[in-house]
Amino acid sequence: MTDVRKRHTVAIVGAGAAGALTAVQLCETATRRRTPLDVVLIDAAPEAGRGTAYATRDPRHRLNVPAGNMSAYPDDPGHFTRWLCRHGEPEVTGADYATRYRYGAYLADTLGQAIVRAHGTVAVRRLRTRAEGCTGTPGGRVELSLADGGHLTADAAVLATGPAAATSAWAPPALRASARFVGTPWAPGALDGALAGAPDGARDGSDDVLLVGTGLTAVDLALTLDRPGRTLHALSRNGLLPQPHALGPAAVMPAPQDLHDTSLGRLRRAVYRHLSRSVRTHGDWRPGLDSLRPHTTRLWRSLTPEEREDFLAREGALWNTHRHRMSPATAEHVSRARTARRLQVHTGTVVRVTGADGAGLAVELSGGRTLHVGWVVDCTGPGRGLDDPLWRGLFASGAAVPGPLGMGAATRDGRLLDARGGAGLPLFTLGAPRRGELWETTAMPEIRVQAVELAQQLLAPLAPRRRTTRRPVDGHGLALTTHAEAAAAYRGGLDRVLKVRSGAPQGFARAVALDPGFALGHAALALLGHECGAAVDVPRALADAQRCARERADTRERSFVDVVTRRITGDDGDEALVRHLRTYPADALALAAAVPTIAFSGVSDLHDDDALGLLELTSPAYDGHWFHTSLLAFLRQEEGRLHEAGELAHRALAVEPASGHAVHALAHVHYESGAHEAGRDWLDRWVSGRGRGAVHRAHFSWHIALHELALDDPAAVRRRWFAQLAPGRVSGMRALVDSGSLLWRARLSDSWWGELPAADVLESVELEVLERPATAFTALHVAVARTAAGDLPALRRLRDHALGADQVQREVVAPLCEALAALVEERFVEAARGLDALLPVLRSVGGSAAQREVVEETLLYALVAAGRSDAARRLLDARLDRKPAPRDRRLLAGLSG
């Protein structure tokens, strides 16, 4: 009988950072591809993800890389920072240095989440033991021998064993045999004796500690062992401590041009010139050194073995101490300890040790000095070779060979090379064991990329054959690269977007839960999160969309993912969206995003003619569909063709009474035509009936309140605000855009007495939205709400953000903040001048005329306060010519009197 294996098994030896990230990528990639897979993690540690590096509980042990560079995902750099914000550190930024233990928790949680999401496709189990041997099987698989006596057969194995353990070969035999020598300082309980120290009052050096090594391990242990009355000695051949990171963001500097096809001598001169240029230009060598990082592997590979040895001998220590730096807080602690002489750094080696059996040790150094200490700790870090039983067995059998210069193991794209120089057993590795091949390979930015590449390499042979079955379609006939059940969920989400009904994000989320490899579903979620304030992890959804589009999507879907990417990153998103619609006019979600309506701010520089051109372009694809008719109704009212807009809206509602776009267009028709009583009553009935499921129900309530404000009925405005628009009933973007702007407009027209609850509105909005709004439309409403709260510092922060954001924020929002700040400070003439100058360009922020009208009303207030009654009257006359309103007549009468 033939043994048919239906599932592929990958064993991962080591569950530290490298092993955990490999498991994460295998889980997520296999799930996207719908590839059944078994993953077995083999590690004796109590928790996956921590390894040695991130198991320390000492809060003084911090990452030596800012949080913004420590994401588990190379295509989602903010993932770790967002995780910290969600787990008790809401103020953290990408420039902060988290604790190592916290990072271990992040890796463990990321792995756990990946395992949960992969359930049903990928089965993950852990074996709490060690792998001590590996042999091939006749079928081309591998068999791992485990320390507990068991065996595991797998189709492939990833050896994520991390850096090699220190050998302590430098230590004299008498020292290695001493109970006062700590050879593995990160082992549980290894430092207990040194932490306990000598009896109080000891002055014979028996409480002092010698750290052999001056790298990052020595720095961490110095933080742990430092205390008053104790002297820590740190010894190395070069006496160099790691350099500190800069306190602020480092400047960005391009790499030098002369780094190609060069000998070590020429390369050395080019790099030193480059670093000198960095110091002259930026006052700091760090930008110059950091610019070399993308080129380091290529440069290392270009050197001959002799040149590599020369580099290690002459520049190895300099490179390591400048490339692998301390966090600023760690550097400050070290500096204080050195200033107080509690930490003393020595250059040399250990020559002889006496007193190994007594209460203290006399350590003679190569320079002739003798140190009297109670403990000696090996901080020399990993050696060149891999020296645990698993690797020794592989080297002995020829299944693996040492890497260049005896560093790590020889690999090709992560696969182990055997003694014949080819790929023998299906064995792979990443991280530290590839050091001889890559040189820089132990930091998270390198390991996470290698984990992605390994997952793709391991799963490539398992890719299912493409079947020519008919694909499901969306509601407008466009094919979807997914299965029928996920397509149905996507259609449900899309239908709710087009109707402006609640539940669209849930529909798209269900689609990607049913098919995690469905690019369009992830892109739709990212779009709703970015532009509509849906509760979506936008960077994560976008990264998922991009990954899925690379693996499984058609041309239209990839184009849409590119559109969403560009809109989120601000990279030519509007033009990309218009190009996409010209090619795929039936893409309803793209059309909804392009035309400024209640749901989306639209293309920022799309004028009425351009928007109508888009609708004309796409019209044949919809053939009078109610959604397309609803959008046309909205644009017609924006043109001022109110009668035609009303007819179009009623036509759409006759086909689909729940069409939020048609209702929204009709609401604007009523408001802009001055039919305030009829508009209030009609919309109130709809909101209480078919509008109950509207996703932007608060916005329709805002429209009703605008009618009540225009009717000069402040009591009704207050009742509606507290009943339908107050925080608690509304939150997030809708509270900002609708509740906040209504409060300010009520205050401007003397329709709100007493304290303005603007602070309550701001508290209901995420801090990220308030401090770093992604769009000009959002930023405008943040500025209004901050003005209503009288928060000058926040207005100035918003101005600074706008100056570094997209063009519309720079040219409109930043000067708006200046004008509103002048208003808060009662510099009314200056405020009026600034606001008046913005009216001609205000359209570029997106949104509707009724929404942007808040700026005009603020200008009216500033004009009156500045004593410019004539200008205020002209403004009111023009408004009353457009649409009658009792409130405006009252204001005009007050000016005339």
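An account of the accompanying structure is given in this report. If you're wondering where the values come from, they're calculated on a predicted model, not measured in any experiment.

### A look at the overall build of the chain
In terms of helices and strands, the chain carries 38 helices and 18 strands. Projected onto the principal axes, the alpha-carbon positions of the chain cover approximately 100 × 75 × 50 Å. Across the 897 residues that make up the chain, the buried fraction comes to 55%. A fraction of 66% describes how many contacts in the chain between residues 6 or more apart in sequence connect residues 24 or more apart. As displayed, the chain has an accessible area near 37700 Å², and 51% of this comes from carbon and sulfur atoms. Side chains of the chain give 108 positive and 102 negative charges; the mean places of these two sets differ by 4 Å.

### A word on the sheet that holds strand 14 (residues 370–373)
Spatially, 12-13-14 is the arrangement adopted by the three strands of the open sheet, whose pairing is antiparallel. In this open sheet, the two edge strands, each paired with only one partner strand, are strand 12 (350–354) and strand 14. Averaged over all pairs of adjacent strands, the angle between strand axes in this sheet comes to 25 degrees, irrespective of strand direction. Of the pairings in the sheet, the one linking strand 12 to strand 13 (residues 361–365) comprises four bridges and is antiparallel in character. Residue pairing for strand 13: V350 is matched across the bridge by L365.

### Brief notes about the pattern of salt bridges
This structure, assessed with the given rule, holds 76 salt bridges. Its salt-bridge partner being R420, residue D418 comes within 3.2 Å of it at the nearest N-O pair. Residue classification places D418 among the buried positions, given a relative accessible area of 7%. Of the charged contacts in the structure, one is a salt bridge between E531 and R567, with a shortest N-O distance of 2.5 Å. Of the two residues, E531 is situated in helix 17 (residues 519–532) and R567 in helix 19 (residues 555–569); the sequence distance between them amounts to 36 residues. Residue classification places E531 among the buried positions, given a relative accessible area of 13%. Three or more residues joined by partner-sharing salt bridges are found here, namely E672, R745, E853, E856, E857, R879, R882, K883, R887 and D888.

### A word on helix 6 (residues 216–225)
By the criterion of burial, helix 6 is predominantly enclosed, with eight of the ten residues buried. The inward-facing, buried residues of helix 6 contact helix 3 (100–117), helix 5 (192–196), strand 9 (209–212), strand 10 (232–236), helix 11 (328–339) and strand 15 (375–378).

### Some thoughts on the environment of T442
One can find T442 in the loop between helix 13 (435–438) and helix 14 (444–459). The spatial distance from the C-alpha of T442 to the C-alpha of L795 is 43 Å, given a sequence separation of 353 residues. Leave out the neighbours within four places in its chain, and T442 touches H324, A432 and I447.

### Points about unusual backbone geometry
Positive phi is not limited to glycine here, since R341 has a value of about 65 degrees. The backbone of D750 sits at a positive phi, close to 60 degrees, despite the residue not being glycine. By the element assignment, D750 lies in the loop between helix 29 (732–748) and helix 30 (758–763).

### Concerning the sheet that holds strand 6 (residues 151–154)
Pairing between the strands of a sheet comes from backbone hydrogen bonds, and it takes one of two forms, parallel or antiparallel. Pairing in this open sheet of three strands is antiparallel, and the strands run 4-5-6 from one edge to the other. With partners counted over all chains shown, the strands left at the sheet margins are strand 4 (131–136) and strand 6, one partner each. Each adjacent strand pair in this sheet contributes to an overall mean axis angle of 25 degrees, direction not counted. Two elements, strand 5 (residues 142–146) and strand 6, share four bridges in a ladder whose sense is antiparallel. Following the sheet pairing, L144 is matched in strand 6 by L152.

### Remarks on the environment of G529
Topologically, G529 is positioned in helix 17. A residue is classified by how much of its surface remains accessible, and G529, at 13% relative accessible area, is buried. In this structure the C-alpha to C-alpha distance between G529 and I568, which are 39 residues apart in sequence, comes to 9.9 Å. What G529 contacts, discounting residues up to four positions off in sequence, is A534, V536 and V538.

### Describing the nonpolar core
Membership of the largest hydrophobic core comes to 74 residues, with the highest contact counts inside it found for Y490, F508, L589, F600 and F627. Not counting residues up to four positions away in its chain, the partners in contact with F600 are V497, L527, L528, E531, C532, L589, A592, A593 and V595. Judged by nonpolar contacts, the second largest core, of 72 residues, contains L709, L725, A758 and L816.

### Examining helix 15 (residues 484–499)
Spanning 16 residues, helix 15 covers 22 Å between terminal C-alpha atoms, matching the ideal 22 Å at 1.5 Å per step. Of all the positions in helix 15, only A486, A487, A489, Y490, G493, L494, V497, L498 and K499 are classed as buried. Packing partners of the buried residues in helix 15 comprise helix 16 (504–514), helix 17, helix 21 (588–594), helix 23 (626–639) and helix 25 (660–673). Directly after helix 15, the chain includes V500, whose backbone phi takes a positive value near 60 degrees.

### Here's the deal with the environment of V824
Following the sequence through the fold, V824 ends up in helix 34 (residues 807–824). Expressed as a C-alpha distance, the spacing of V824 and A789, which sit 35 residues apart in the sequence, is 9.4 Å. Those residues in contact with V824 that lie beyond four places of it in its chain are T787, G790, L792 and L795.

### Side note on the packing of helix 33 (residues 792–803) against helix 34
Relative orientation of the contacting elements helix 33 and helix 34 amounts to 165 degrees, with a least axis distance of 8 Å. Between helix 33 and helix 34, the angle is such that the two are roughly antiparallel. Note that helix 33 runs across helix 34; the crossing there is left-handed. Residues L792, L795, L798, R799, H801, A802 and L803 of helix 33 lie in contact with helix 34, whose contacting residues are Q809, R810, V813, A814, C817, E818, L820, A821 and V824.

### Points about the pairing of strand 9
Burial along strand 9 is two-sided: the face carrying V209 and L211 and the face carrying L210 and V212 are both buried. With four bridges connecting them, strand 9 and strand 10 associate as parallel partners. Its bridge partner being in strand 10, L210 is matched across the sheet by H233. Handedness of the crossover joining strand 9 and strand 10 through helix 6 is recorded here as right-handed.

Procedures and definitions
Residues numbered from 1 in each chain as written. Predicted model: local features only at pLDDT ≥ 70, side-chain atom pairs only at ≥ 80, totals over all residues. Heavy atoms only, no water. Helix = DSSP H or I, 4+ residues; strand = E, 2+ residues; numbered from the N terminus. Buried < 20%, exposed > 50% of the residue type's maximum accessible area, 1.4 Å probe, protein only. Contact = heavy atoms within 4.5 Å. Areas by Shrake-Rupley, 256 points an atom, 1.4 Å probe, with all protein chains shown as cover. Lys, Arg positive; Asp, Glu negative; His and termini not counted. Charge placed at Lys NZ, Arg CZ, Asp CG, Glu CD. Pairing = 2+ DSSP bridges. Axes fitted to C-alpha atoms, helices over the stretch in contact; angles between N-to-C directions. Salt bridge = Lys/Arg side-chain N within 4 Å of Asp/Glu carboxyl O. Core = buried A, V, L, I, M, F, W, Y, C linked by side-chain atoms within 4.5 Å. Expected span 1.5 Å × (residues − 1). Parallel < 35°, antiparallel > 145°, perpendicular 65-115°, else oblique. Left-handed = near helix turned anticlockwise from the far one by under 90°. Right-handed = clockwise from strand over helix to strand, strands pointing away.

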